[in-house]
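# Close look at the chain arrangement
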Amino acid sequence: MQHLVRCIEYMYFQSSIPEHSDDNLFPDYGRYPAARRRFPGCLNEDIPGAKNATIDSFRDSFYRAMYRLLLAGAILARAYMAPLFPARQAGDIGFFVRWGSDYWTEDVDTYERDFYPTEADVDSIRQFPVYDFDVEDWSQIGQWRNREYETCFGPFASWIIEDGKSREQNEPQNPDDMPDWAQNQAHIGAVKELMLLLVAYDHFNSKFIDIRRGSRKGAYLRKQGNRTVSIVRFGIFQIEEITMPSAVEDMTDTKLFTRFHPALEGTEGKDIPYQFNVPYVMFFLQDKMRGFPVTILEKVAEYIHRLEKRNTWLTDG
């Protein structure tokens, strides 16, 4: 797992792929910043603690956020994949065709006119709280959803909040650094950890490509000594095998290649990756929303923020 994060870190700073270069916080540097080098001046603008930040502190935050994102994928996969299992038990081929990806069996032709999810499909999938996000918090359904969120997100969110508070208590305390939005110093720590997750998610999935869809295969795939790791990517929620080069420098002009885990082949679960496509479900539901589209992590972040506000109110009140 550490080697995977090292590959992502190298791509973050060194990738020549345009969509990766645009993410680079150090666009003026042609190589990895030297140890202890200070951040560019643009990062010092009204950011608490940024003026003392170094590449070492950046790397600590970068690695921590990436590891937590990988953990979140495994923890929350059950909640996001929940609609699939009743459909599998019922043998609902129409569900697989409309909510899946490249799903095919000999019976699929029967459903060839039903590739687009119906209103009934949307109503059915919104019975699961993680997909019922376009409701008012104060409504009866919204209150039910928020109670269910406690089960889905509660343990992970509480850990993020408490760890952030603990870390902040170990930081030098300077009242002048406290922003107006912070209710107390510990609150800053919780928000920092939340923001780290959001930034990590913004960069994470762009570093991967399905080996079946790669327009050109990375040169490193032809080399000896490649390494593999099994992960559940947050937002994808399928178990995948990632192939990595032994030398991170081979990631300069390519992405990390993924495939659905080979351990599923020849088992009853071999069709799972094709029967339910979480990114497509989210895209489709967002297109139907009355408000602004959201990412999966933004909903998790919203819950974490709401939980922190509630805890702060209970503590201070």
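As the structure is a prediction and not an experimental result, all values here were calculated from the model.

To continue, consider the overall build of the chain. The helix and strand tally for the chain stands at eleven helices and four strands. Here the chain holds 317 residues, and the buried ones make up 48% of them. Across the chain, every contact between residues at least 6 apart in sequence was considered, and the portion connecting residues at least 24 apart equals 65%. Total accessible area computed for the chain in this model is approximately 17300 Å², and 51% of it derives from carbon and sulfur atoms.

In this structure the tally under the stated criterion is 20 aromatic pairs. Look at Tyr131 and Phe276: their rings are 6.2 Å apart centre to centre, the planes differ by 90 degrees, and that puts the pair in the edge-to-face class. Residue Tyr131 is located in the loop between α6 (119-125) and α7 (140-169), and its partner Phe276 is located in the loop between α9 (272-275) and α10 (278-287); the two are separated by 145 residues in the primary sequence. For Tyr131, a relative accessible area of 1% gives the class buried.

Read across the open sheet, the four strands follow the order β1-β4-β3-β2; overall the sheet is mixed. Each having just a single partner strand, β1 (208-210) and β2 (227-232) make up the two edges of the open sheet. The average undirected angle you get between the axes of adjacent strands in this sheet is 35 degrees. Across three bridges, the pairing between β1 and strand β4 (residues 256-260) is parallel. In the strand pairing of β4, Ile209 is matched with Phe257.

To continue, consider the pattern of salt bridges. According to the stated counting rule, one finds 13 salt bridges in the structure shown. In this structure, Asp60 engages Arg64 in a salt bridge whose closest nitrogen and oxygen atoms are separated by 2.7 Å. Here Asp60 and its partner Arg64 are both found in helix α3 (residues 55-81), four residues apart, which amounts to about one turn of the helix. The exposure class assigned to Arg64 is buried, which follows from its relative accessible area of 13%. Among the ionic pairs, Asp271 bridges to Lys270, the shortest N-O distance being 3.3 Å. For Asp271, a relative accessible area of 23% puts it in the partly exposed group. A relative accessible area of 42% means that Lys270 is categorised as partly exposed. In this structure, a network of salt bridges that share partners links the residues Asp60, Arg64, Arg68, Asp163, Arg167 and Glu193.

On the surface, a cluster of nonpolar side chains totalling about 260 Å² of accessible area is made up of Leu71, Ile75 and Trp159. The topology assignment puts Trp159 in helix α7.

This part is about the nonpolar core. Core analysis: the biggest nonpolar cluster contains 72 residues, and Leu4, Tyr80, Tyr131, Phe153, Leu256 and Phe276 have the highest contact counts within it. Looking at which element gives the most residues to this core, the answer is α3, with 13 residues. Leaving out residues up to four positions away in the same chain, Tyr131 has contacts with Tyr80, Pro83, Ile125, Arg126, Phe276, Val278, Val281, Met282 and Leu285.

Low pLDDT marks regions whose predicted coordinates should not be analysed in detail. Looking at the chain, the pLDDT average stands at 79 and 72% of residues meet or exceed 70. Taken element by element, the chain is modelled with least confidence in helix α2 (residues 18-21), mean pLDDT 61, and with most confidence in β2, mean pLDDT 96. Within the model, pLDDT remains below 50 along residues 28-38, and this stretch shows 22 contacts once partners closer than five positions in the same chain are excluded.

What counts, and at which threshold
- Each residue is numbered by its place in its chain's sequence as written, counting from 1.
- Only residues with pLDDT of at least 70 are given local features in this predicted model, and only at 80 or more are side-chain atom pairs given and counted; all residues enter the totals for whole chains, interfaces and linings.
- With hydrogens and water set aside, each side-chain value is computed from the structure's full complement of heavy atoms.
- To qualify as a helix, a DSSP run of H or I must reach at least 4 residues; to qualify as a strand, a run of E must reach at least 2; elements of each kind are numbered from the N terminus.
- The rule is simple: take the accessible area with a 1.4 Å probe, protein chains only, and divide by the maximum for that residue type; under 20% is buried, over 50% is exposed, in between is partly exposed.
- Here, residues are in contact when the closest pair of their heavy atoms is within 4.5 Å.
- Methods summary: accessible areas were calculated by the Shrake-Rupley approach with a probe of 1.4 Å, and residue burial reflects only the protein chains presented.
- Centres within 6.5 Å are what make two rings of Phe, Tyr or Trp a pair, Trp counting through its six-membered ring; a difference in plane orientation under 30 degrees is then read as stacked, over 60 as edge-to-face, and the rest as tilted.
- Two strands qualify as a pair provided that DSSP identifies no fewer than 2 bridges between them.
- Orientation is described by lines fitted to C-alpha atoms, with helices fitted over the stretch in contact, and by angles between N-to-C directions that extend from 0 to 180 degrees.
- A pair is scored as a salt bridge if a Lys or Arg side-chain nitrogen falls within 4 Å of a carboxyl oxygen belonging to Asp or Glu.
- Patches in this entry comprise residues that are over 30% relatively accessible and not in a salt bridge; like charges within 9 Å are linked, as are nonpolar side chains (Val, Leu, Ile, Met, Phe, Trp, Tyr) within 5 Å.
- Note on terminology: a nonpolar core comprises buried Ala, Val, Leu, Ile, Met, Phe, Trp, Tyr and Cys residues joined through side-chain atoms within 4.5 Å.
- Looking at any residue, its pLDDT shows the predictor's confidence there, from 0 to 100.

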